[in-house]
Amino acid sequence: MPLYSKIVILHFPPEVAQKALVCQLTKKFDLMFNILNARISNRKDGFMVLELSSDTRSGFNKGITFLKDQGVEVSNPEHQIYKDEEICTHCGACIAVCPTEALYIKRPEMEVIFNKDKCSVCELCILTCPTRAMGLFSKNTEEVF
């Protein structure tokens, strides 16, 4: 059983988007991966959210270094999803689709709470939110998607 596991976001520039880099993590570095979300197209920028697991932190770090050397940007998901408190109506639609329970209702206030530490960046809350209070934030570009 892996001792070290972490969720990472990979940003693929167009020139490497079609390379089988994630598969090489298993072959070259004995890492296991679970794809949580992905959007990659031929000759376009893409991203992938992975849970990477390794028997050692050293093995994990070697795999991350390999990805960076190939031109892939690697970031952590903790600051990627945001909740806009000003437009949230606390309807709870996002709670029904959140697989990690990062979104929950605080009782008795009936307020939707977002725990960034539990978020896997699956983006289901973004698709479900009727007021668009949930969004995706790229800390590298300071843009909201």
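Residues numbered from 1 in each chain as written. Predicted model: local features only at pLDDT ≥ 70, side-chain atom pairs only at ≥ 80, totals over all residues. Heavy atoms only, no water.

Draft legend 1. Structural view of the overall build of the protein chain. A count of helices and strands for the protein chain gives four helices and nine strands. Starting at the N terminus and ending at the C terminus, the protein chain contains elements arranged as β-α-β-β-α-β-β-α-β-β-α-β-β. Counting across all 145 residues of the protein chain, residues that qualify as buried make up 38%. Long-range pairs, those at least 24 residues apart, make up 64% of the contacts in the protein chain with a sequence separation of at least 6. About 8,700 Å² of surface is accessible on the protein chain, with carbon and sulfur atoms providing 51% of the total. (Helix = DSSP H or I, 4+ residues; strand = E, 2+ residues; numbered from the N terminus. Buried < 20%, exposed > 50% of the residue type's maximum accessible area, 1.4 Å probe, protein only. Contact = heavy atoms within 4.5 Å. Areas by Shrake-Rupley, 256 points an atom, 1.4 Å probe, with all protein chains shown as cover.)

Draft legend 2. The nonpolar core, seen in detail. Counting residues in each nonpolar core, the largest one holds 19 residues, and the members touching the most others are Ile-81, Leu-103, Phe-114, Val-121, Cys-125 and Met-134. When neighbours within four sequence positions are excluded, Leu-103 is seen to be in contact with Cys-94, Ile-95, Cys-98, Val-112, Ile-113, Phe-114, Cys-125 and Met-134. Judged by nonpolar contacts, the second largest core, of 18 residues, contains Val-22, Leu-31, Phe-60 and Phe-66. (Core = buried A, V, L, I, M, F, W, Y, C linked by side-chain atoms within 4.5 Å.)

Draft legend 3. Geometry of the pattern of salt bridges. Taken as a whole and judged by the stated rule, the model has two salt bridges. Between Arg-39 and Glu-123 there is a salt bridge; the shortest N-O distance is 2.9 Å. Remark: Glu-123 occurs in the loop between strand E7 (111–114) and helix H4 (124–128) and Arg-39 occurs in strand E2 (residues 32–39); sequence separation between them is 84 residues. With relative accessibility at 8%, the residue Glu-123 sits in the buried group. (Salt bridge = Lys/Arg side-chain N within 4 Å of Asp/Glu carboxyl O.)

Draft legend 4. Molecular detail of helix H1 (residues 21–29). Burial in H1 covers these residues: Leu-21, Val-22 and Leu-25. Down the axis of H1, the buried set is contained in an arc of 110°. They therefore lie on one face. With respect to the buried face of H1, the exposed residues turned more than 90 degrees away are Cys-23 and Lys-27. Check the buried side of H1 and you find it contacts strand E1 (4–12), E2, strand E3 (46–54) and helix H2 (57–69). Phi turns positive one or two residues past the end of H1, at Asp-30, with a value near 55°. (Arc of directions from axis to C-beta.)

Draft legend 5. Spotlight on the packing of H1 against H2. Two elements in contact, H1 and H2, have axes whose closest approach is 10 Å; the angle formed by their N-to-C orientations is 140°. Compared by their axis directions, H1 and H2 come out oblique. Seen along the crossing, H1 lies across H2 with a hand that is right-handed. Within the contact between the two elements, H1 uses Leu-21, Gln-24, Leu-25, Lys-28 and Phe-29 and H2 uses Gly-59, Lys-62, Gly-63, Phe-66 and Leu-67. Classifying every residue of the contact of H1 with H2 gives five nonpolar, three polar and two charged. (Axes fitted to C-alpha atoms, helices over the stretch in contact; angles between N-to-C directions. Parallel < 35°, antiparallel > 145°, perpendicular 65-115°, else oblique. Left-handed = near helix turned anticlockwise from the far one by under 90°. Nonpolar A, V, L, I, M, F, W, Y, C, P; charged D, E, K, R; others polar.)

Draft legend 6. Local environment of H2. Taking 1.5 Å as the rise per residue, H2 with 13 residues should run 18 Å; its terminal C-alpha atoms sit 18 Å apart, in good agreement. Listing the buried residues of H2 in full gives Gly-59, Phe-60, Gly-63, Ile-64, Phe-66 and Leu-67. Projected onto a plane normal to the axis of H2, the buried residues spread over an arc of 155° and lie on a single side. Of the residues in H2, the exposed ones pointing more than 90 degrees away from the buried face are Arg-57, Lys-62 and Asp-69. (Expected span 1.5 Å × (residues − 1).)

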